[in-house]
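Each chain is listed here by its residues.
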Amino acid sequence: MKLLIDEKDRKYLTDREEFHTGLGVVKIVENAQKVTSHLGHDFSVLKPRLIDLYEKLPRSGSVLLKRDIGFILAYTSVGTGDIVVDAGTGSACLAMFLANIVQPTGKVFTYEIREKFAEIARKNIENAGLQEFIEIKMKDITQGIDEEEVDLVTLDLPEPWLVVQHAYKALKHGGFIMSYSPYIEQAKKTVDSLKEASFRGIKTYEVFEREMEISNKGVRPSTRMYGHSAYLTFARKY
Ligand SMILES: C[S@@+](CC[C@H](N)C(=O)[O-])C[C@H]1O[C@@H](n2cnc3c(N)ncnc32)[C@H](O)[C@@H]1O
């Protein structure tokens, strides 16, 4: 897979040797850092990083935003060698960022109930080269978690409170749970169930991100921005 970036910073992902764009046909030469299309337009050629794939990958539904993924990674300090349980898989965006960090000695077990979504996730994971570090499990996670001594459980599904007791059992001492819910009513219900399950250090956050537009005319926040995505609830077993 290669990432092409044109003169206007537009990005294209391709695994073909010849790629057709509105700016002409590009022939990708092995190890070339720059190529020129048959119409004379220049393209940079890069090995894509996970963020490049994330921006372009096929999605089965809503995925976590970068700001929320970054916050989860920092808050839980998930690291190399960790065992993570994630549900639902969806497009595997969160699962892939987790695997990117826990590899090469850790693993992400991600639960999904819809085969069609798992299929999309499998392709995304393969394109990212992370298949060794992610196992998709076709299982309803409300029925239980198979893994033990888990470092982190991440939940992005409609009824996370049905998983809280299973997560407590699966987590190791000091392990984190993170639940991502678009509605505050879901976050409240999750917090209540976390308290009931004896989780500690329970906190709920909303994360904001604002891009700056910097030009010779002046500097100001972008007039376009993502609004609400979700509430992130964290807790720990200790
Ligand atoms: C919003 S998507 C998850 C997106 C994912 N976090 C990502 O970053 O791409 C929610 C997924 O949860 C799955 N799901 C819902 N309930 C589930 C359950 N009880 N067990 C496993 N997966 C479930 C749905 O099929 C759907 O694919």
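The structure under discussion appears in the preceding block.
Residues numbered from 1 in each chain as written. Predicted model: local features only at pLDDT ≥ 70, side-chain atom pairs only at ≥ 80, totals over all residues. Heavy atoms only, no water.

**Q** Break down the pattern of salt bridges for me, citing the residues and quoting the values.
**A** Tallied over the entire structure, the rule returns 13 salt bridges. The salt bridge partner of Lys137 is Asp146, with a shortest N-O separation of 2.9 Å. You can call Lys137 buried: its relative accessible area is 14%. The partly exposed category is assigned to Asp146, whose relative accessible area is 44%. Notably, a salt bridge pairs Lys139 with Asp146, separated by 2.7 Å at the nearest N-O pair. (Salt bridge = Lys/Arg side-chain N within 4 Å of Asp/Glu carboxyl O. Buried < 20%, exposed > 50% of the residue type's maximum accessible area, 1.4 Å probe, protein only.)

**Q** Give a detailed account of the site of the ligand, specifying residues and quantitative values.
**A** The full set close to the ligand counts 22 residues, and Leu94, Glu112, Phe117, Asp140 and Asp156 are the nearest of them. Between the ligand and Gly90, the relevant distance is 3.5 Å, taken from an oxygen atom to a main-chain nitrogen or oxygen of the residue. Between the ligand and Asp140, the relevant distance is 2.7 Å, taken from a nitrogen atom to a side-chain nitrogen or oxygen of the residue. In isolation the ligand offers 610 Å² of accessible surface; the protein chains occlude 88% of this area. Of all the cavities here, the one that holds the ligand is the largest pocket. Elements with a contribution of two residues or more to the shell around the ligand: helix H3 (93-102) and strand E8 (107-112). Counted by class, the shell around the ligand contains 11 nonpolar, 6 polar and 5 charged residues. (Near = heavy atom within 4 Å. Polar contact = N/O pair within 3.5 Å; in protein donor to acceptor, adjacent residues only side chain to side chain. Areas by Shrake-Rupley, 256 points an atom, 1.4 Å probe, with all protein chains shown as cover. 1 Å grid on protein atoms, 1.4 Å probe; cavity = no way out; pocket = protein on both sides within 12 Å on 5 of 7 lines; lining within 4 Å. Sits in = over half its atoms within 2 Å of the grid points. Helix = DSSP H or I, 4+ residues; strand = E, 2+ residues; numbered from the N terminus. Nonpolar A, V, L, I, M, F, W, Y, C, P; charged D, E, K, R; others polar.)

**Q** Could you give me a rundown of unusual backbone geometry, with the residues and numbers involved?
**A** Ala87 connects to Gly88 through a cis peptide bond whose omega is -15°. By secondary structure assignment, the location of Gly88 is in the loop between strand E7 (83-87) and H3. Positive phi, normally seen in glycine, also occurs at Ser77, with a value near 50°. Looking at where Ser77 falls in the secondary structure, it is placed in the loop between helix H2 (66-76) and E7. Residue Ala92 is not a glycine yet carries a positive backbone phi of 75°. You can see Ala92 is positioned in the loop between E7 and H3. Residue classification places Ala92 among the buried positions, given a relative accessible area of 0%.

**Q** So what about the packing of aromatic side chains? Which residues, and what values?
**A** Under the counting rule described, the total for this entry stands at 11 aromatic pairs. Pairing Tyr12 with Phe19 gives two aromatic rings, centres 5.9 Å apart and planes at 65°, and the pair type is edge-to-face. A single burial state applies to Tyr12 and to Phe19, both of which are buried. Taken together, Phe71, Tyr75, Phe176, Tyr205 and Phe234 form an aromatic cluster joined through their ring pairs. (Phe/Tyr/Trp six-rings, centres within 6.5 Å; stacked < 30°, edge-to-face > 60°.)

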